[in-house]
Amino acid sequence: MCEINHAKEGAEVISSYERDFYEGCPVVTRNAFGKGEAYYLAAESDLAFLRAFYGDVFRRVGLKNALDTELPYGVTVTERTGTYPAPAYGDAESGAVYEGKLELGAFQCAVLERQAN
């Protein structure tokens, strides 16, 4: 699914269609808004494109996950409180303490708390 789109005033064209009757029309645009930016995707894209696109946007604006590390596909991390340095994380349910690496199986999750130094 594709949309024939025209860049609005002030919008930067990031990429354009390369063939068919919509050749040359913008497919991805960026527009500054206040202190931020808005992006518009004028086509249905596959997962590989979306992962690369959002990864580029996140790197461009300096957005990092709470652990500041590369996560495998499908793994998310969220921090609910303020930040402070801690080398270890405790499992909120079991009390187990993890340092360094934690491996989870398919469909597993863990709620971790930063351990005080």
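Quick notes on the rules
Residues numbered from 1 in each chain as written. Predicted model: local features only at pLDDT ≥ 70, side-chain atom pairs only at ≥ 80, totals over all residues. Heavy atoms only, no water. Helix = DSSP H or I, 4+ residues; strand = E, 2+ residues; numbered from the N terminus. Buried < 20%, exposed > 50% of the residue type's maximum accessible area, 1.4 Å probe, protein only. Pairing = 2+ DSSP bridges. Axes fitted to C-alpha atoms, helices over the stretch in contact; angles between N-to-C directions.

### Looking at unusual backbone geometry
A positive phi angle is found at Asp20, which is not glycine, with a value near 65°. With respect to the helices, strands and loops of the structure, Asp20 is situated in the loop between β1 (12–16) and β2 (26–33). For Phe107, which is not a glycine, the phi torsion comes out positive at approximately 65°. If you trace the backbone, Phe107 turns up in the loop between β5 (97–99) and β6 (112–114). The exposed category is assigned to Phe107, whose relative accessible area is 88%.

### Some words on the sheet that holds β1
Strands belonging to one sheet form pairs held by backbone hydrogen bonds; the direction of such a pair is parallel or antiparallel. Read from one edge of the open sheet, 3 strands run β1-β2-β3, paired in antiparallel fashion. Pairing within the sheet leaves two strands with one partner each, and these edge strands are β1 and β3 (36–41). This sheet shows a mean twist of 20° between the axes of neighbouring strands, independent of strand direction. In terms of strand pairing, β1 meets β2 through 4 bridges, oriented antiparallel.

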